[in-house]
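So the chains spell out like this:
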Amino acid sequence: MSYTRPMGKRAVCVSVLGLLAFYAVLQALVLRPDGFFAGDQGTKLLQTIAALKHGPFTPWIDGLSHDIDPEFKNQEPLLVRRRDNGRLVGIFPWILPALTAPFYSLIGRRGLYVVPAVSVALTFLAACRLGRKLGTGAHGVWSGWIAVAATPVLFYGAEFWEHAPAVALTTVALDLATPGAGSSRCRDCASGVCIGLAAMFRPEAAAALPALCLARLLVGKATGGWRAGLALAAGWAAVTALMLPANHAVYGTIIPEHLSLHL
C-alpha cells in the first residue's frame, strides 16, 4: 500500500496536468481565437466585456447601434432591454461572464476558456474521489477518465459554455453526498451548496437535488436517510436565496431572462 498510494497520486496529478496542457495547446495552437462554435457565445462575450467594464452586477452592454435602433428592437432574443432602466443585458446566466472577466482582461479571448478547462480538471478529481469511495481502485484514475472522456465533458471544456462548470459542481456534490469516511451533515449541506451553484450556471442542474435526496432516502438510515436530504436542501436553499437578489440586480427580475423565456 505504501507503494500504491504514491503511484496513484502521481497518476492523478499527471492526468490533471495532462488535461490542462491539452486545453492550453488546443486554445493556443489549434482553435481560432476570433470565432465561436455557436452563436450564443458571442452574447456571452458581450456579457463578459460588460462585467469587466461596469461590474458583475451591472453588466450593461453598450449598444453600438443605439443611434439607428434607439429602442433596441433588433437586439432580441439574445439581448434584452430591462424594463426598469432601459439597459441592455444578455439573457444568459451572469455567473460565467463574471468569473471569466478577469481572465479575459489578462489574456484576451483565450481567457474565455479558462473556467471551462479548469472545470474539466475539477470534474476529473471529483470522479476520482468518488471512484475511490466506491472501491474501483486505490486512486480512482479510471473513474476520472471515464467521467471526462466517455461523456461530452471533454468537449465542453473547449467551449465558452456553462456546461463544464455545472458538471464539475454536480460531480463534486455527488462525491460529497456519497457516504464514506468523514460523512456528516456538513458534507451533505456542502453538497447542496454545490448543486445550488451548479444551477446558477445551468438551471437544469437543480434536478440533482431531488435525485440525491431520493438516493440517500433509498439507501436507508445507515447514511442519514431523510436528515441527509434536509441538509442537502438547506445548502441548496441558502445559495438560491442569495442568487435571487443577484438575479434582480442583473436582469431586473429574480428569474433570469433565459429561464423565463424557456418557461
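Refer to the preceding data block for the structure.
Analysis parameters
- Residues numbered from 1 in each chain as written.
- Predicted model: local features only at pLDDT ≥ 70, side-chain atom pairs only at ≥ 80, totals over all residues.
- Heavy atoms only, no water.
- Helix = DSSP H or I, 4+ residues; strand = E, 2+ residues; numbered from the N terminus.
- Buried < 20%, exposed > 50% of the residue type's maximum accessible area, 1.4 Å probe, protein only.
- Contact = heavy atoms within 4.5 Å.
- Areas by Shrake-Rupley, 256 points an atom, 1.4 Å probe, with all protein chains shown as cover.
- Patch = residues over 30% accessible without salt bridge, like charges linked within 9 Å, V, L, I, M, F, W, Y side chains within 5 Å.
- Salt bridge = Lys/Arg side-chain N within 4 Å of Asp/Glu carboxyl O.
- Axes fitted to C-alpha atoms, helices over the stretch in contact; angles between N-to-C directions.
- Parallel < 35°, antiparallel > 145°, perpendicular 65-115°, else oblique.
- Left-handed = near helix turned anticlockwise from the far one by under 90°.
- Nonpolar A, V, L, I, M, F, W, Y, C, P; charged D, E, K, R; others polar.
- Expected span 1.5 Å × (residues − 1).

### What about the overall build of the chain?
Next, step 1: Assigned secondary structure in the chain consists of 11 helices and 2 strands.
Next, step 2: Of all 263 residues assigned to the chain, the portion counted as buried reaches 45%.
Next, step 3: Long-range pairs, those at least 24 residues apart, make up 67% of the contacts in the chain between residues at least 6 apart in sequence.
Next, step 4: Carbon together with sulfur atoms contributes 68% to the accessible area of the chain, which is approximately 13600 Å² in total.

### A closer look at a nonpolar patch on the surface
Next, step 1: Side chains of Leu 214, Leu 217, Leu 218, Trp 226 and Leu 230 sit close together on the surface and give an oily, nonpolar patch of about 580 Å² of accessible area.
Next, step 2: Within the secondary structure, Leu 217 is located in helix α9 (residues 208-219).
Next, step 3: Judged by its relative accessible area of 48%, Leu 217 falls in the partly exposed class.

### A short note on the pattern of salt bridges
Next, step 1: Scanning the model with the defined rule gives 10 salt bridges in all.
Next, step 2: Between Asp 34 and Arg 32 there is a salt bridge, with the nearest N and O atoms lying 3.1 Å from each other.
Next, step 3: Between Glu 162 and Lys 44 there is a salt bridge, and its shortest N-O distance comes to 3.1 Å. Taken as a pair, Glu 162 in the loop between α6 (153-156) and α7 (163-177) and Lys 44 in helix α2 (residues 40-54) lie far apart in primary sequence, 118 residues in all.

### Some points on the side chain of Ser 119
Next, step 1: Here Ser 119 shows up in helix α4 (residues 114-133).
Next, step 2: With residues up to four places along the chain from it excluded, the contact list for Ser 119 reads Ala 164, Pro 165 and Ala 168.

### A few points about the packing of α4 against helix α5 (residues 141-149)
Next, step 1: It is at 7 Å that the axes of α4 and α5 come closest, and there the two elements cross at 135 degrees. In terms of orientation, α4 and α5 fall into the oblique class. For the element pair α4 and α5, the recorded crossing hand is right-handed. When α4 is examined against α5, the residues Val 120, Thr 123, Phe 124, Ala 127, Cys 128 and Gly 131 are found in contact with a partner set consisting of Val 141, Ser 143, Gly 144, Trp 145, Ala 147 and Val 148.
Next, step 2: Here the residues of the contact of α4 with α5 sort into 8 nonpolar, 4 polar and no charged.

### With respect to α4
The periodicity of an α-helix, 3.6 residues per turn, causes residues three or four positions apart to be oriented the same way.
Next, step 1: Between its first and last C-alpha atoms α4 spans 29 Å; for 20 residues at 1.5 Å apiece the expected length is 28 Å, and the two agree.
Next, step 2: Directly after α4, the chain includes Gly 135, whose backbone phi takes a positive value near 80 degrees.

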